[in-house]
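# Overview (structure and organization)
Take a look at the letters that make up each chain.
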Amino acid sequence: MIGDLAGYAAATYLRGLPLIQVPTTLLAQVDSSVGGKVAVNLSEGKNLVGVFHQPSLVVADIHTLKSLPPRELRAGLAEVVKHGMIADPELFGYLEAHVDSILRVEEEPLAFVVERSCAIKARVVEQDEREEGLRAILNFGHTVGHALEAITGYRRLLHGEAVAIGMVVASMLSVRRGLCEQDDLLRLRSLLERIGLPTRLSANVKSLLKTMNYDKKMKNQVIYFALTKGIGHVTLAAISDPDELKGVLAAAGWPS
Ligand SMILES: NC(=O)c1ccc[n+]([C@@H]2O[C@H](COP(=O)([O-])OP(=O)(O)OC[C@H]3O[C@@H](n4cnc5c(N)ncnc54)[C@H](O)[C@@H]3O)[C@@H](O)[C@H]2O)c1
């Protein structure tokens, strides 16, 4: 949160000041400090006022994570799982093998996932800094995730928790479209559960879809979703028929 706020201030004060990000949460170390997106929320929605402002340096010291509340650590891991899902099956496998030591805040596996995540994010952002195409793959889990954060008043769920549920929904859609195997969905869900992240929420589907209309990813009544083509592979897809998403959520037992 501080990285977004200070970054936005740095981007606009005196038409821009140099910025050094010093992330102290796992989420910020593996995701938000890299890539230059800085934004603040409005009551109408999240991140609605923002700019791109690249930091000249990011200093991520994993020792700061020792004092991080466990729930925050788990939420940060959701973005690491995302990086594995979209680009790095090896990272996903590493998480499956080392989840317990990561949750014990052991240095070696934490340093590994932080470094690997930054490299993945930097690689994507280098190719598409302004989200004209490829960068949208980083939104895997975020289309539904952002809507869940909004309908729960930004209080009930941490960002990473909402993203965890969003990744499961995106993967359910992917299975339904025949893009990936049921086994990929099961591996994702099981890893998230082992981390201690939520994988579903009894949110009302109607209000979820309504809230998604305010999401920046909505263009001409089409929602663009990052979907999985199997662990480590991602694709962008347009969902123009809300019934498709409704069908998936209904099948998963979400209240209509
Ligand atoms: N700009 C981006 O690209 C981007 C990407 C992902 C998420 N985000 C945003 O980041 C926000 C969440 O940020 P966050 O997960 O970093 O959490 P946060 O900044 O909300 O911090 C969580 C809590 O941990 C405390 N804290 C921070 N570091 C600590 C430490 N080392 N030890 C003990 N306590 C510590 C904070 O005071 C706070 O109470 C969300 O609003 C999300 O939307 C932005």
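Remember, it's a predicted structure, so these values are computed and weren't measured experimentally. (Residues numbered from 1 in each chain as written. Predicted model: local features only at pLDDT ≥ 70, side-chain atom pairs only at ≥ 80, totals over all residues. Heavy atoms only, no water.)

A few words on the site of the ligand. In the neighbourhood of the ligand, 17 residues make up the surrounding shell, with Met1, Thr24, Thr25, Lys46 and Ser67 lying closest. Here Lys37 contributes a backbone N or O atom positioned 2.9 Å from a nitrogen atom of the ligand. The separation between a nitrogen atom of the ligand and a polar main-chain atom of Thr64 is 2.9 Å. The element contributing the most residues to the shell around the ligand is helix 2 (residues 26-32), with 4 residues. Grouping the constituent residues of the shell around the ligand by class yields 5 nonpolar, 6 polar and 6 charged. (Near = heavy atom within 4 Å. Polar contact = N/O pair within 3.5 Å; in protein donor to acceptor, adjacent residues only side chain to side chain. Helix = DSSP H or I, 4+ residues; strand = E, 2+ residues; numbered from the N terminus. Nonpolar A, V, L, I, M, F, W, Y, C, P; charged D, E, K, R; others polar.)

Once that is clear, we can look at the pairing of strand 2 (residues 37-42). With 5 bridges connecting them, strand 2 and strand 3 (residues 45-52) associate as antiparallel partners. Each bridged residue has a counterpart across the sheet, and for Leu42 the counterpart in strand 3 is Gly45. In textbook terms, the turn of a hairpin is the stretch between consecutive antiparallel strands, and for strand 2 and strand 3 this stretch comprises 2 residues. (Pairing = 2+ DSSP bridges.)

Our next topic: empty space enclosed by the protein. Under the defined criterion, the tally for this structure stands at 2 cavities of 30 Å³ or more. Considered as a void within the structure, the second largest cavity measures approximately 30 Å³ in volume. If you trace the second largest cavity, you find it lined by Asn139, Phe140, Gly141, His142, Thr143, Val144, Gly166, Ala170, Phe225 and Ala226. Residue assignment for the lining of the second largest cavity shows that the elements contributing at least two residues are helix 6 (142-151), helix 7 (159-176) and strand 6 (222-228). Of all the elements, helix 6 adds the most residues to the lining of the second largest cavity, at 3 residues. (1 Å grid on protein atoms, 1.4 Å probe; cavity = no way out; pocket = protein on both sides within 12 Å on 5 of 7 lines; lining within 4 Å. Points joined across faces, edges and corners; volume = space filled by probe spheres on them.)

In a regular helix each residue adds 1.5 Å, so 14 residues correspond to 20 Å; helix 8 (residues 182-195) covers 20 Å between its end C-alpha atoms and thus fits that length. Every buried residue belonging to helix 8 is among Asp184, Leu185, Leu188, Leu191, Leu192 and Ile195, and all of these are buried. The buried side chains of helix 8 occupy one side of the element, clustering within an arc of 135° when seen end-on. In this fold, the buried residues of helix 8 make contact with helix 3 (70-87), helix 4 (89-103) and helix 7. (Expected span 1.5 Å × (residues − 1). Buried < 20%, exposed > 50% of the residue type's maximum accessible area, 1.4 Å probe, protein only. Arc of directions from axis to C-beta. Contact = heavy atoms within 4.5 Å.)

This part is about the packing of helix 6 against helix 9 (residues 205-212). Two measures define how a pair of helices packs: the angle their axes make with one another and the distance between the axes. Two elements in contact, helix 6 and helix 9, have axes separated by 9 Å at closest approach and are oriented at 110°. As summarised for this structure, helix 6 and helix 9 are arranged roughly perpendicular, according to the angle between their axes. Note on element contacts: helix 9 touches helix 6 through Ser207, Leu208, Thr211 and Met212, opposite Thr143, Val144, Ala147, Leu148, Ala150 and Ile151. Tallied by class, the residues present in the contact of helix 6 with helix 9 amount to 7 nonpolar, 3 polar and no charged. (Axes fitted to C-alpha atoms, helices over the stretch in contact; angles between N-to-C directions. Parallel < 35°, antiparallel > 145°, perpendicular 65-115°, else oblique.)

Attention now moves to a nonpolar patch on the surface. There is a patch of nonpolar side chains on the surface, built from Ile20, Val22, Leu57 and Val59 and spanning about 350 Å² of accessible area. With respect to the helices and strands, the residue Ile20 is situated in strand 1 (residues 20-21). (Patch = residues over 30% accessible without salt bridge, like charges linked within 9 Å, V, L, I, M, F, W, Y side chains within 5 Å. Areas by Shrake-Rupley, 256 points an atom, 1.4 Å probe, with all protein chains shown as cover. Salt bridge = Lys/Arg side-chain N within 4 Å of Asp/Glu carboxyl O.)

In the structure shown here, the tally under the stated rule is 12 salt bridges. When the shortest N-O distance is used, the salt bridge between Asp31 and Lys82 registers 3.7 Å. Linking Asp31 in helix 2 with Lys82 in helix 3, this pair joins segments that are 51 residues apart in sequence. In this structure, Asp88 and Arg116 form a salt bridge, with 2.7 Å as the shortest nitrogen-oxygen distance. Separated by 28 residues along the polypeptide, Asp88 in the loop between helix 3 and helix 4 and Arg116 in helix 5 (residues 107-127) bring together distant segments of the chain. In this structure, a network of salt bridges that share partners links the residues Asp31, Glu79, Lys82 and Lys121.

What follows covers the packing of helix 4 against helix 8. Put simply, helix 4 and helix 8 touch, their axes get as near as 10 Å, and they point 10° apart. Looking at the two axes, helix 4 sits roughly parallel to helix 8. For the pair formed by helix 4 and helix 8, the contact residues are Phe92, Leu95, Glu96, Val99, Asp100 and Leu103 on the first element and Arg187, Leu188, Leu191, Arg194 and Ile195 on the second. Along the lines of polarity and charge, the residues of the contact of helix 4 with helix 8 split into 7 nonpolar, no polar and 4 charged.

Let us look at the side chain of Ser117. For Ser117, the position within the fold is in helix 5. Relative accessible area serves as the criterion here: at 0%, Ser117 is assigned to the buried category. In terms of polar contacts, Ser117 uses its side chain to reach the backbone carbonyl oxygen of Val113, at 2.9 Å. In this structure, Ser117 is in contact with Val30, Val80, His83 and Leu91, ignoring residues within four places of it in sequence.

By themselves, these are just geometric observations and shouldn't be taken as functional.
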